[in-house]
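Each chain, written out:
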Amino acid sequence: MTTQLLSTLFKLYREKSLFGRYITYEHVHPIFSSYQSIKYETLGYSVSGNPIDCLTCGNGPIKVLMWSQMHGNESTTTKAIVDIFNTLVAESLKCKHILEKLTIICVPILNPDGAANYTRNNANDIDLNRDAINLSQPESVILRQLFDKVQPDWCFNLHGQRTIFSAGETSKSATLSFLAPAQDETKSITVNRKKAMALIALINQSLQSIIPNQIGIYDDTFNANCVGDAFQKEGVPTVLVEAGHYKRDYNREDVRRLVYIALMKALTLISDQAIDANDFKNYTLIPPNKKLFYDIIIRNAFLNKESKMACDICIQYNERLVDNNIDFVPTIEKFTDLAKSYGHFEIDANNTLVVDNDGNQLEVSNEIDFVLVNSEEISLKP
């Protein structure tokens, strides 16, 4: 499928009932339970007793295992999964080849407690992506048992990353990031890892026409406690997908579309058996993620009337769950020289005074919705 066709399918089958960053079991369960042609079952329960459900579609010999919201506050890939299953249900002819060649097994929300609380960790404050060895949490056990039962040919570990990442040493945000995780300390380039690399390279090639130079590679330092690393170590090609930031898209609706295209492209390539493990070298040309971005930079600011030298003000959004919505709270992180950094939103104070809306001097950790720049009020909300 071409990216143009996938963009069209996304517009047709985007689940309109889902929007924004706060996505929970209660949001997706009615949608999945309405499907007639897809197996939908509960695998077990979270720490707080919330269901952990699984979707299975297709009847092909190639088994693809996906899971999303292992970190409860990383919901963009979950929205894209719903859109994908909407497409697979409705477009049986266009997706016939995928459904004949693949069996897709998906856990859309592995961490329903974290999703409900909008936290990274589960109800026991454990990072499920650091629990691959201990299997100390019921959610971790459920995923491992599913992996052992399915014995997948491919794994997709779906996440969301912070707004701080750039695609290499550039002023381009890492809108999507990928990784073929290492499976040992030496980062061996094994056959299964080559397959994951080759697939990522093909996805990157397809997406460059949509988001040129906005794709990065996530850090591949090996961690045996990480689930992706553990499954790669088992000999299964494993792909990490990180939904990042795009043009003040803090609700990540544009990124949702891009994740949809990337995953549908991946399923098409796998079903076409179009992946040659020897064609992995283009993966190495994708720039590594760098931490060069802030949400807001106010440049060339004086902090008080006595200031002798201007500085840059770094502001990050703290994400806070308020009345079932995510509020992005601008918070001052530091005052420094940010000449080698970039802001998703930049304000040039032009060597004038910057204070809060009441005329008070700014301080680190201040939560502030507006600033006065040379007496002009400017909103800091996204």
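Let us look at the structure shown here.

Our next topic: the overall build of the protein chain. The number of helices and strands found in the protein chain is nine helices and 16 strands. In terms of overall size, the protein chain behaves like a compact globule, its C-alpha atoms giving a radius of gyration of 22 Å where 382 residues would be expected to give roughly 21 Å. Structurally, the protein chain occupies a C-alpha span of about 70 × 45 × 45 Å along its principal axes. In the protein chain, of all internal contacts separated by at least 6 residues, the share reaching a separation of at least 24 is 75%. Surface accessibility of the protein chain: about 16300 Å² in total, with carbon and sulfur atoms responsible for 46%. Mean positive and mean negative side-chain charge positions of the protein chain (37 and 46 charges, respectively) differ by 7 Å.

With respect to the helices and strands, the residue Asn122 is situated in the loop between helix 5 (112-117) and helix 6 (138-150). A polar contact is formed between the side chain of Asn122 and the backbone nitrogen of Ile126, at a distance of 2.9 Å. A polar atom in the side chain of Asn122 sits 3.2 Å from the side chain of Glu139. Not counting chain neighbours up to four residues away, the residues in contact with Asn122 comprise Val47, Asn111, Leu128, Gln137 and Glu139.

This next bit is on the packing of aromatic side chains. One pass over the full model with this rule turns up 11 aromatic pairs. Taken together, a centroid distance of 5.9 Å and an interplanar angle of 55° make the contact between Phe32 and Tyr40 tilted. Through successive ring pairs, a cluster of aromatic residues spans Phe32, Tyr35, Tyr40 and Phe85. The residue whose ring lies beneath Arg248 is Phe345, and the NZ or CZ to ring-centre distance is 4.7 Å.

A word on helix 7 (residues 191-207). Taking 1.5 Å per residue as the helical rise, helix 7 with its 17 residues ought to reach 24 Å, and the 25 Å between its terminal C-alpha atoms agrees with that figure. With 12 of 17 residues buried, helix 7 is to be regarded as a mostly interior element. Within the span of helix 7, buried status applies to Asn192, Arg193, Ala196, Met197, Ala198, Leu199, Ile200, Ala201, Ile203, Asn204, Ser206 and Leu207.

Under the definition given, this model contains zero disulfides. Left without a disulfide partner, Cys54 is nearest to the cysteine sulfur of Cys106, which lies 7.3 Å away. Cys311 takes part in no disulfide bond, and the closest cysteine sulfur to it belongs to Cys314, at a distance of 11 Å.

This part covers the nonpolar core. In this structure, Phe85, Phe156, Phe178 and Leu199 are the most contacted members of the largest nonpolar core, which totals 69 residues. Per-element tally for this core: the top contributor is helix 9 (residues 253-271), with 12 residues. Within the second largest apolar cluster, 23 residues are counted, among which are Tyr118, Ile296, Ile313 and Ile315.

Now for the pattern of salt bridges. When charged atoms on two side chains of opposite charge get close, those side chains can pair. Inspection of the entire model under this criterion finds 18 salt bridges. A salt bridge links Glu319 to Arg21, with the nearest nitrogen and oxygen atoms 3.1 Å apart. Within this pair, whereas Glu319 is found in strand 12 (residues 311-322), its partner Arg21 is found in the loop between helix 1 (3-13) and helix 2 (25-33), the two being separated by 298 residues in sequence. On the accessibility criterion, Glu319 (37% relative accessible area) is partly exposed. Owing to a relative accessible area of 7%, Arg21 belongs among the buried residues under this scheme. By sharing partners, the salt bridges in this structure join Arg14, Lys79, Asp83, Glu253 and Arg256 into a single network.

Right, let's get into unusual backbone geometry. Positive phi is not limited to glycine here, since Arg252 has a value of about 55°. Assignment of secondary structure puts Arg252 in the loop between strand 9 (238-243) and helix 9. Overall, the relative accessible area of 2% leaves Arg252 in the buried class. Unusually for a residue other than glycine, Asp323 sits at a positive phi of about 50°. Residue Asp323 is classed as exposed on the basis of its relative accessible area of 69%.

Along the chain, Pro112 turns up in helix 5. Take Pro112: its relative accessible area is 3%, and that puts it in the buried class. If we ignore the near neighbours within four places in the chain, the residues touching Pro112 are Ser46, Asn50, Pro51 and Ile52.

What follows deals with the environment of Arg14. Counting through the fold element by element, Arg14 comes out in the loop between helix 1 and helix 2. Its relative accessible area of 24% is what places Arg14 among the partly exposed residues. In sequence terms Arg14 and Ile81 are 67 residues apart; their C-alpha atoms lie 9.9 Å from each other. In this structure, Arg14 is in contact with Phe19, Asp83, Asn86, Glu253 and Arg256, ignoring residues within four places of it in sequence.

What counts as what
Residues numbered from 1 in each chain as written. Predicted model: local features only at pLDDT ≥ 70, side-chain atom pairs only at ≥ 80, totals over all residues. Heavy atoms only, no water. Helix = DSSP H or I, 4+ residues; strand = E, 2+ residues; numbered from the N terminus. Rg over C-alpha atoms; globule rule 2.2 N^0.38 Å. Contact = heavy atoms within 4.5 Å. Areas by Shrake-Rupley, 256 points an atom, 1.4 Å probe, with all protein chains shown as cover. Lys, Arg positive; Asp, Glu negative; His and termini not counted. Charge placed at Lys NZ, Arg CZ, Asp CG, Glu CD. Polar contact = N/O pair within 3.5 Å; in protein donor to acceptor, adjacent residues only side chain to side chain. Phe/Tyr/Trp six-rings, centres within 6.5 Å; stacked < 30°, edge-to-face > 60°. Lys NZ or Arg CZ within 6 Å of the ring centre and 35° of its normal. Expected span 1.5 Å × (residues − 1). Buried < 20%, exposed > 50% of the residue type's maximum accessible area, 1.4 Å probe, protein only. Disulfide = S-S within 2.5 Å. Core = buried A, V, L, I, M, F, W, Y, C linked by side-chain atoms within 4.5 Å. Salt bridge = Lys/Arg side-chain N within 4 Å of Asp/Glu carboxyl O.

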